[in-house]
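Chain and residue survey
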Amino acid sequence: MLKPKIITVPNKTLREPTEKVGSFANDLKEQAEIMKEFLRKNSDYGIGLAANQLGFRNQIFVVEFEDPNKKDIIPLTFFINPQIVEKSNETETLDEGCLSVPDIFLPIDRATKIKVKAQNLEGKNFKLTAKGLFARLIQHESDHLHGILFTDLAREKFLKNNPEIKNLKITFIGTGDFAHLILEGLILLGLNIQTVITEKGKPQGREKTVCDTPVGHIANLFDKNLIETEDIKNIDIDALSSDLIVLADFGQIIPESIIKIPKMGIINIHPSLLPLYRGPSPIQSAILRGEKETGVSIIKVTPGIDEGPI
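We now turn to the structure provided with this report.

Here's the deal with the overall build of the protein
- When its secondary structure is counted, the protein shows seven helices and 15 strands.
- Counting only C-alpha atoms and orienting by the principal axes, one finds that the protein spans roughly 70 × 45 × 40 Å.
- Burial status across the protein gives 46% buried among its 310 residues.
- Accessible surface for the protein amounts to roughly 17500 Å². Of this, 50% is attributable to carbon and sulfur atoms.

Notes on the sheet that holds strand E1 (residues 48–50)
- With respect to topology, five strands assemble into an open sheet ordered E1-E2-E3-E6-E7, the strand pairing being antiparallel. The sheet terminates laterally at E1 and strand E7 (125–131), the two strands that pair on one side only. Strand-to-strand twist in this sheet, taken as the mean axis angle between neighbours without regard to direction, amounts to 40 degrees.
- Bridge count between strand E2 (residues 60–66) and strand E3 (residues 73–87): six bridges; the pairing is antiparallel.

Description of the packing of aromatic side chains
- Taken as a whole, this structure holds three aromatic pairs when the rule is applied.
- Ring centres of phenylalanine 61 and phenylalanine 79 lie 4.8 Å apart, and the angle between their planes is 15 degrees; this geometry places the pair in the stacked category. With phenylalanine 61 in strand E2 and phenylalanine 79 in strand E3, this pair connects stretches of sequence that are 18 residues apart.
- According to the relative accessible area criterion, phenylalanine 61 is buried, its value standing at 0%.
- Take phenylalanine 79: its relative accessible area is 0%, and that puts it in the buried class.
- Measuring from ring centre to ring centre gives 6.4 Å for phenylalanine 79 and phenylalanine 134, while their planes differ by 70 degrees; the resulting arrangement is edge-to-face. Residue phenylalanine 79 is found in strand E3, and its partner phenylalanine 134 is found in helix H2 (residues 132–145); the two are separated by 55 residues along the sequence.
- Assessed through its relative accessible area of 18%, phenylalanine 134 is described here as buried.
- Among the aromatic residues, those joined into a cluster by ring pairs are Phe61, Phe79, Phe126 and Phe134.

Quick word on the pattern of salt bridges
- Summed over all chains, the structure comprises 13 salt bridges.
- Put simply, aspartate 152 and arginine 15 hold a salt bridge, and the shortest N to O gap is 2.5 Å. Taken together, the residues span a long stretch of sequence, with aspartate 152 in helix H3 (residues 150–161) and arginine 15 in the segment before helix H1 (26–41) at a distance of 137 residues.
- The exposure class of arginine 15 is partly exposed, given its relative accessible area of 36%.
- Across the salt bridge formed by lysine 263 and aspartate 243, the nearest N and O atoms sit 3.6 Å from each other. On the criterion of sequence distance, the pair formed by lysine 263 in the loop between helix H6 (256–259) and strand E14 (266–270) and aspartate 243 in the loop between strand E12 (225–229) and strand E13 (244–248) is long-range, its members being 20 residues apart.
- Under the relative-accessibility criterion, lysine 263 is labelled exposed at 73%.
- With relative accessibility at 13%, the residue aspartate 243 sits in the buried group.

Details of the sheet that holds strand E9 (residues 193–199)
- If you trace the six strands from one edge of the open sheet to the other, you get E12-E9-E8-E13-E14-E15, paired in mixed fashion. Edge positions in the sheet fall to E12 and strand E15 (297–300), since each of these pairs with one other strand and no more. Between one strand axis and the next, the sheet turns through 20 degrees on average, direction left out of account.
- In this fold helix H4 (residues 177–188) packs onto strand E8 (170–174), E9, E13 and E14, with an angle of close to 160 degrees to the strand it touches most, E8.
- Each of E8, E9 and E12 is contacted by helix H5 (residues 214–221), which is oriented at about 150 degrees to E9, the strand it contacts most.

Overview of the nonpolar core
- Ranked by internal contacts, the top residues of the largest apolar core, which has 33 residues, are Phe172, Leu183 and Ile193.
- Only strand E5 (101–111), H3, E8, H4, E9, H5 and E13 provide two or more residues apiece to this core.
- Per-element accounting of this core gives the leading share, six residues, to H4.
- Ignoring any residue separated from it by four or fewer positions in sequence, one finds leucine 183 in contact with Phe172, Ile193, Val196, Val215, Ile218 and Ala219.
- By size, the runner-up hydrophobic cluster in this structure holds 17 residues, among which are Leu28, Ala32, Val62 and Leu99.

Basis of the calculations
- Residues numbered from 1 in each chain as written.
- Predicted model: local features only at pLDDT ≥ 70, side-chain atom pairs only at ≥ 80, totals over all residues.
- Heavy atoms only, no water.
- Helix = DSSP H or I, 4+ residues; strand = E, 2+ residues; numbered from the N terminus.
- Buried < 20%, exposed > 50% of the residue type's maximum accessible area, 1.4 Å probe, protein only.
- Areas by Shrake-Rupley, 256 points an atom, 1.4 Å probe, with all protein chains shown as cover.
- Pairing = 2+ DSSP bridges.
- Axes fitted to C-alpha atoms, helices over the stretch in contact; angles between N-to-C directions.
- Phe/Tyr/Trp six-rings, centres within 6.5 Å; stacked < 30°, edge-to-face > 60°.
- Salt bridge = Lys/Arg side-chain N within 4 Å of Asp/Glu carboxyl O.
- Contact = heavy atoms within 4.5 Å.
- Core = buried A, V, L, I, M, F, W, Y, C linked by side-chain atoms within 4.5 Å.

That is the geometry; function is a separate question.
Below is the structure:
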């Protein structure tokens, strides 16, 4: 039996359709127990888990959820060889996340009511009608078993509504944790990230090992062209011949010579409600000032620091 470990994007296992369960012997029950325990250990982040998220190749998923306010209660339920046989025409858009796509949340359209048939752990057939969160959860996990992620649905809708964005040549510039989530989101939405520029990694730990920056790690994970630099003014200008540059969480000032390069300019994603907290530590500054609310601003980059139009 496999040792459970969550599989995350861009692992190809998540893209491989699973196989129908034919045997309901002890191996399946052992797998189910592993899936149940793993789901419960991660209940703060996930309320459903498909077999291929743990490296199993069969058609089984498990769900369980208890709302602290007792509004939504979904009992522990295993779905084996599930088939959604009917969906309502009425849909609802809500943010979804996934254990296999950590820290990314995107608005997803789902049918508000479905009918599903499946088998339980003893191989007995059952049918049920689900609505609301339960229906959304079954649709999300069923997609997993067919190699589909919720980010695929978001990408399809995003590019359909914004077809002109699909072919834009984009350079991404960033370094830290805030930037790495943005870069991963842009990649998962199918944008054409041609080049990623980040600062050179710094020695860490007792061994002074030089590690990738968070942005560098994502670029390598998704096999993107990566440039590391100690001074962005030394970057080859030809590497920046993009339609658009997206900038976030980068510890260097962008020179005017680079600002002029992209046809559509540079947009900076800044984690404060500008004009509050310009500069390199906006989140820390908001916390130290006791702010009750903060946010993110997207601005056009100008030669002044965080001074461009929002």
